[in-house]
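Remarks on the overall topology
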Amino acid sequence: MPEELKARTLKVEDLIEYQEGSVVSREIIRKDTGTVTVFAFDKGEGLSEHTAPFDAMVQVIDGKAEIIISGNKNVLERGDMIIMPASEPHALNALERFKMILTMIRS
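Attention in this report is confined to the structure presented alongside it. This one's a predicted model, so the numbers in the text were calculated from it and none came from an experiment. (Residues numbered from 1 in each chain as written. Predicted model: local features only at pLDDT ≥ 70, side-chain atom pairs only at ≥ 80, totals over all residues. Heavy atoms only, no water.)

Notes on unusual backbone geometry
Note the threshold: Note on conventions: DSSP H or I runs of at least 4 residues are helices, E runs of at least 2 residues are strands, and numbering of each starts at the N terminus. Relative accessibility thresholds used throughout: buried, under 20% of the residue-type maximum; exposed, over 50%; partly exposed, between the two (1.4 Å probe, protein chains only).
Residues other than glycine seldom take positive phi values, yet Ala7 does so here, at roughly 55°. You can see Ala7 is positioned in the segment before β1 (23-31). In this structure Ala7 comes out as exposed when scored by relative accessible area, which is 88%. The backbone phi angle of Ser87 is positive, close to 70°, even though this residue is not glycine.

What to know about the pattern of salt bridges
Formally: We define a salt bridge as a contact between a side-chain nitrogen of Lys or Arg and a carboxyl oxygen of Asp or Glu at a distance within 4 Å.
Going through the model one piece at a time under the given rule, you end up with three salt bridges. Arg30 is the partner of Glu27 in a salt bridge, and the nearest nitrogen-oxygen pair spans 2.9 Å. For Glu27, a relative accessible area of 31% puts it in the partly exposed group. Under the relative-accessibility criterion, Arg30 is labelled exposed at 53%. The salt bridge partner of Asp62 is Arg78, with a shortest N-O separation of 3.7 Å.

Looking at the nonpolar core
The criterion, for reference: What makes a nonpolar core is a set of buried Ala, Val, Leu, Ile, Met, Phe, Trp, Tyr and Cys residues whose side-chain atoms join them at distances within 4.5 Å. Contact criterion: two residues are considered in contact whenever any of their non-hydrogen atoms come within 4.5 Å of each other.
By size, the foremost hydrophobic cluster in this structure holds 18 residues, and its most contacted members are Phe41, Val58, Ile67, Met84, Phe98, Met100 and Leu102. At the level of secondary structure, the elements contributing two or more residues to this core comprise β2 (34-41), β4 (56-69), β6 (81-84) and β7 (90-105). When sequence neighbours within four positions are dropped, the list of residues in contact with Phe98 reads Tyr18, Phe39, Ala40, Phe41, Val60, Asp62, Gly63, Lys64, Ala65, Leu92 and Asn93. Within the second largest apolar cluster, ten residues are counted, among which are Ile16, Val24, Ile61 and Ile101.

Right, dumping it as structure tokens:
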């Protein structure tokens, strides 16, 4: 974890800024057992379908996104979360600009 983030109160939505036409990420915690990363997606941006060997949890902290898991579409808005099961194909699309926290547990 970056030293400037430790042991202080932070506004999670301020940890990352939107960039036009881009997906931006910032790793907050990296351990052998997992990671916590914040992302900012401009409207229309996304991540193509892929799989991961571990469960992952997405928490939307701003905006609106479509998250497709094994072909099932889920629309998430600020305050919503979803768990993406290990080995299931998933993709993300920004219906409007959105920010999220991705927590991946490697065990």
